[in-house]
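Observations on the model geometry
The chain contents come next:
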Amino acid sequence: MKNTQPDRLIHQPIRTRIMAALASLARGSLLEFRDLKTLTEATDGNLGAHLTALETAGYVRISKDFHGKRPRTRVGMTEEGHAAFDAYRSYLRTLLDA
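So, here is what we can say about the structure in this document. Here the structure is a predicted model, which means the values were calculated and not measured.

Another point: the overall build of the protein. Helix and strand content of the protein: four helices and three strands. Here the C-alpha atoms of the protein give a radius of gyration of 14 Å, agreeing with the 13 Å that 2.2 N^0.38 yields for 98 residues. Expressed as lengths along the three principal axes of its C-alpha atoms, the size of the protein is roughly 50 × 25 × 20 Å. Put simply, the protein has 98 residues, and 31% of those count as buried. In the protein, the share of contacts with a sequence separation of at least 24, taken over all contacts with a separation of at least 6, comes to 57%. Accessible surface, the protein: about 6000 Å² in total, of which carbon and sulfur atoms supply 52%. Seen as two clouds, the 15 positive and the 11 negative side-chain charges of the protein have centres 3 Å apart.

Further remarks concern the sheet that holds strand 3 (residues 70-77). Strand order in the open sheet formed by three strands is 1-3-2, with antiparallel pairing between adjacent strands. For this open sheet the edge positions go to strand 1 (31-32) and strand 2 (60-67), each flanked by a neighbour on one side alone. As judged from the two bridges shared by strand 1 and strand 3, these two strands associate in the antiparallel manner. Residue pairing in the sheet places L31 in a bridge with V75 of strand 3. Against the sheet, helix 1 (residues 13-23) engages strand 1, strand 2 and strand 3, with an angle of about 90° to strand 3.

Moving on to the nonpolar core. I18, M19 and L36 are the most contacted members of the largest nonpolar core, which has 20 residues in total. Elements with a contribution of two residues or more to this core: helix 1, helix 2 (33-40), helix 3 (44-56), strand 3 and helix 4 (79-97). By residue number, the principal contributor to this core is helix 1, which donates five residues.

A separate point is helix 3. Its 13 residues give helix 3 an end-to-end C-alpha distance of 18 Å, which sits within 8% of 18 Å, the value for a rise of 1.5 Å per residue. Listed as buried for helix 3 are L47, H50, L51 and L54. On an axial view of helix 3, the arc spanned by its buried residues comes to 100°, and they lie on one face. Away from its buried face by more than 90 degrees, helix 3 exposes G45 and T56. Of the surrounding secondary structure, the elements contacted by the buried residues of helix 3 are helix 1, helix 2, strand 2 and strand 3. Positive phi shows up at G58, right after helix 3, with a value of about 85°.

The next thing to look at is the packing of helix 1 against helix 4. Direction vectors running N to C along helix 1 and helix 4 enclose 115°, while the axes themselves pass 11 Å from each other. With respect to helix 4, the axis of helix 1 lies roughly perpendicular. Along this stretch, helix 1 crosses helix 4, giving a crossing that reads as left-handed. Contacts between helix 1 and helix 4 involve T16, M19, A20 and A23 from the first element and G81, H82, F85 and Y88 from the second. The residue inventory of the contact of helix 1 with helix 4, partitioned by class, reads five nonpolar, three polar and no charged.

Rules of the game
Sequence order sets the numbering: in each chain, residues are counted from 1 along the sequence as written. In keeping with the predicted nature of the model, local features appear solely for residues at pLDDT of at least 70, side-chain atom pairs appear and are counted solely at 80 or more, and the whole-chain, interface and lining totals rest on all residues. Note: side-chain values were computed over all heavy atoms of the structure, leaving out hydrogens and water. Working definition: helices are DSSP H or I runs of at least four residues, strands are E runs of at least two. Numbering for both runs from the N terminus. Computation of the radius of gyration draws on C-alpha atoms alone. For the globule rule, the value is 2.2 Å times the number of residues to the power 0.38. A simple rule labels every residue: compare its accessible area, found with a 1.4 Å probe on the protein chains alone, to the largest value its type can have, and call it buried under 20%, exposed over 50%, or partly exposed in between. Note on contacts: a residue pair qualifies if any of its non-hydrogen atoms lie within 4.5 Å across the two residues. Per-residue accessibility takes into account occlusion by the displayed protein chains alone, with areas from the Shrake-Rupley method and a 1.4 Å probe. We treat Lys and Arg as the positive residues and Asp and Glu as the negative residues; His and chain ends play no part in the count. In this description, the location of a charge corresponds to atom NZ of lysine, CZ of arginine, CG of aspartate or CD of glutamate. Two strands are counted as paired when DSSP detects at least two bridges linking them. A fitted line through C-alpha atoms serves as each axis, taken over the contacting stretch for helices, and the angle formed by two N-to-C directions is quoted from 0 to 180°. Buried Ala, Val, Leu, Ile, Met, Phe, Trp, Tyr and Cys residues that are joined via side-chain atoms within 4.5 Å together make up what is termed a nonpolar core. Each helix should span, by expectation, one fewer than its residue count multiplied by 1.5 Å. Along the arc lie the directions from the helix axis toward the C-beta atoms. Any angle that is under 35 degrees is reported as roughly parallel, and any over 145 degrees as roughly antiparallel; angles of 65 to 115 degrees are reported as roughly perpendicular and all others as oblique. The sense of a crossing depends on the near helix, which, turned anticlockwise from the far helix by less than a right angle, makes the crossing left-handed and, turned clockwise, makes it right-handed. Residue type decides the class: Asp, Glu, Lys and Arg count as charged, Ala, Val, Leu, Ile, Met, Phe, Trp, Tyr, Cys and Pro as nonpolar, and the leftover types, Gly among them, as polar.

Here it is as structure tokens:
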């Protein structure tokens, strides 16, 4: 087997959902926090904590701005995040095909 261990940072259910949602976007695109919350079925605090871990690892970038007068948080996957998630998917495919 090529990848014998999963990326421990991604190999957590909510983080896997986050990365899968972001990987489905066009490169460079951002997803609003509220939409990511719906897709992952996470609470605000739980999603925020997982995003912080992924941001610290360099896998995602978080953008905060205002849309009109409302604060807006958006999340996108970095190139490092794409590479890590591609490797994670490869690990899972190898595991399932073994």
